[in-house]
Amino acid sequence: MDDSRSSSSLSDFALRRIEVLSQHLEAEPTHGFSDTPRSCPARTSTQATTSGVCPVTGHRDSSKIFPRLLENRPLRVCVTGAAGQIAYSLVFMIANGDMFGPKTSIILNLLDIAPMIETLKGVEMELMDGGYPLLKEIFATTDVKSAFMNVDVVIMVGAFPRQKGMERKDLLQKNASIFREQGKALSDYASRNVKVLVVGNPANTNCLIAATYADTLPKENFTALTRLDQHRAQAQLAQKLRVPVDKIHNVIIRGNHSATQYPDANHGYVDDFPPSLKTPLRSAVNDDNWLTNGFISTVQQRGAEIIKARKSSSAASAARAIVAHMRDWLLGTPEGDIVSMGIYCDGLAYGAPKGTVYSLPVICRGGQYTIVNGLPLDEFSKKKMEVTANELIEERQEAFAFLDSQRK
Ligand SMILES: NC(=O)c1ccc[n+]([C@@H]2O[C@H](COP(=O)([O-])OP(=O)(O)OC[C@H]3O[C@@H](n4cnc5c(N)ncnc54)[C@H](O)[C@@H]3O)[C@@H](O)[C@H]2O)c1
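A brief report on the enclosed structure follows.

**With respect to the overall build of the chain**
Each helix and strand in the chain was counted, giving 13 helices and 14 strands. Counting all 408 residues of the chain, 48% fall into the buried class. Taking as baseline every contact in the chain between residues at least 6 positions apart, the subset at least 24 positions apart corresponds to 71%.

What follows is the structure in structure tokens.
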């Protein structure tokens, strides 16, 4: 095993990589702006700077991704699985402006299946009664075509749930059909620059299927949620170090959103530890055994632990992670921060297999993510990443073999 894992140079290296990438992104042509990212206090649509970078927060805007914002028209956002538990937290956060900032008005399309129509109507009524100033229209439907018509953002939460005694393979197949149909519908009806986040499990493979069948849309417009795993990892480290969670930076989730995922703390740091100093997580924790065993397995098993305790899967924390993922993707990651996203891989980064949706470290500017490449990997990390890569390849094989068999 490479000894450099415990040295401080790794997180320094990570910070330097982000600096270089940020400079590169700053040099790219920028777009106008109509929103106020991360509560930038002085910003309105008429105050866009020529560089497109907010002078107060340093964040970029995303109006080129969503031209309708420039015309002061509301953003069209669709949540699938809108009668379910995650949605019951998520839609109210979106309506409140948590995802797109306090100046972006929204039209919310709520999609679920026909047997859930009464519950869906209940959610619609509560949204109306919430009196959200940014929420201009609510449209509850069980029709995929109308739900996706001209949408700018789609959060795909709806999925077939794992039932007692159900084989993993059956779950994969049930969802493969759903995400194929919805991918095609996105291709046919959504806005050409729609941004899609897949949450419903198996999230990475469902995302791959949707992106594949949405063949008129760019694959980089599809991502899968691993932000909840990132938050879980940050929480474990914060608890271990007895610091507030916002002091923990740049923990990376690699691979699949499943028990094979690899939470990688090697490039992270803890802020103000000691006061005014940044310390690499490995040296701050100073417990390699915990980092390579307890930490990783706790994060991998956290979802199952919550189901055991709550008799229901994580919902409010998932909703919060969805908001953070979309907000960072569209409005930009904070300066110096790496976040994790499941993204479509070209096979060139960190051995993530080509043609899978694999979670990698990214930074975001102008509605685009860029992989933070070149962070050194030790043998331990490489092995963990291979395990999760193999699982994704297997899932892909099973899902597409099933979809192909249906065409015959
Ligand atoms: N990626 C992550 O980090 C993460 C975290 C938590 C949960 N999840 C997954 O998110 C999904 C939703 O979780 P939940 O707790 O809200 O589940 P839930 O069962 O409470 O809600 C799911 C909703 O999706 C609907 N649905 C099913 N098929 C649909 C379809 N074809 N079109 C539209 N809607 C459909 C269901 O009717 C239901 O209302 C699950 O697959 C869960 O495993 C992922």
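**Section: helix α3 (residues 85-96)**
Taken as a whole, α3 has its buried residues at I86, A87, L90, V91, I94 and A95. Seen end-on, α3 carries its buried residues on one side only, within an arc spanning 140°. Taken together, the buried residues of α3 touch β1 (75-80), β2 (106-111), α4 (117-129), β3 (135-141), β4 (153-156) and α12 (316-331). A positive phi of about 95° marks G97, the residue just after α3.

**As for the site of the ligand**
Close contacts around the ligand come from 28 residues, with G81, G84, I86, G158 and N201 the closest. The element contributing the most residues to the shell around the ligand is α3, with three residues. Per-class residue counts for the shell around the ligand are 17 nonpolar, ten polar and one charged.

**So, the sheet that holds strand β10 (residues 269-270)**
Taking strand neighbours across the sheet as the criterion, the three strands line up as β7-β10-β11 in an open arrangement whose pairing is antiparallel. A single partner strand is all that each edge strand has here, and the edge strands are β7 (248-249) and β11 (279-280). Relative to β11, β10 is paired through two bridges, and the arrangement is antiparallel. Looking at β11, one finds that Y269 is bridged to P280.

**Re the packing of helix α8 (residues 227-241) against helix α11 (residues 294-310)**
Where α8 contacts α11, the axes come no closer than 9 Å and their chain directions differ by 140°. Classified by the angle their axes make, α8 and α11 are oblique. For the pair α8 and α11, the crossing hand works out as right-handed. Contact residues: α8 offers D229, R232, A233 and Q236, while α11 offers F295, T298, V299 and R302.

**Let's talk about the sheet that holds β1**
Consider a sheet: its strands pair through backbone hydrogen bonds, and that pairing is either parallel or antiparallel. With respect to topology, nine strands assemble into an open sheet ordered β3-β2-β1-β4-β5-β6-β12-β13-β14, the strand pairing being mixed. The outermost strands of the open sheet, each flanked by one partner alone, are β3 and β14 (368-371). With direction set aside, neighbouring strand axes in the sheet form an average angle of 30°. Taken together, the four bridges between β4 and strand β5 (residues 195-198) define a ladder with parallel strand orientation. Across the sheet, residue V154 finds its bridge partner in β5, namely V196. Of the strands in this sheet, β2 and β3 touch α4, which is tilted by about 170° from β3.

**Observations concerning unusual backbone geometry**
Looking along the chain, the bond that leaves N201 and enters P202 is cis, with omega of -5°. Relative to the helices and strands, P202 resides in the loop between β5 and α7 (203-213). The omega torsion across F273 and P274 is 0°, close enough to zero to call that bond cis. On the secondary structure map, P274 appears in the loop between β10 and β11. Phi angles above zero are rare outside glycine, and R242 is one such case at about 55°. Of note, R242 is situated in the loop between α8 and β7.

**Description of the pairing of strand β12 (residues 339-344)**
In terms of burial, β12 is largely enclosed, as six of its six residues are buried. Here β12 shows a buried face lined by V339, M341 and I343 and a second buried face lined by S340, G342 and Y344. Here two bridges tie strand β6 (residues 222-224) to β12, and the two strands are oriented antiparallel to one another. What sits directly across from A224, in β12, is G342.

Parameters and conventions
Residues numbered from 1 in each chain as written. Predicted model: local features only at pLDDT ≥ 70, side-chain atom pairs only at ≥ 80, totals over all residues. Helix = DSSP H or I, 4+ residues; strand = E, 2+ residues; numbered from the N terminus. Buried ≥ 20, exposed ≤ 12 C-beta atoms within 10 Å, placed from the backbone. Contact = placed C-beta atoms within 7 Å. Arc of directions from axis to C-beta. Near = placed C-beta within 6 Å. Nonpolar A, V, L, I, M, F, W, Y, C, P; charged D, E, K, R; others polar. Pairing = 2+ DSSP bridges. Axes fitted to C-alpha atoms, helices over the stretch in contact; angles between N-to-C directions. Parallel < 35°, antiparallel > 145°, perpendicular 65-115°, else oblique. Left-handed = near helix turned anticlockwise from the far one by under 90°.

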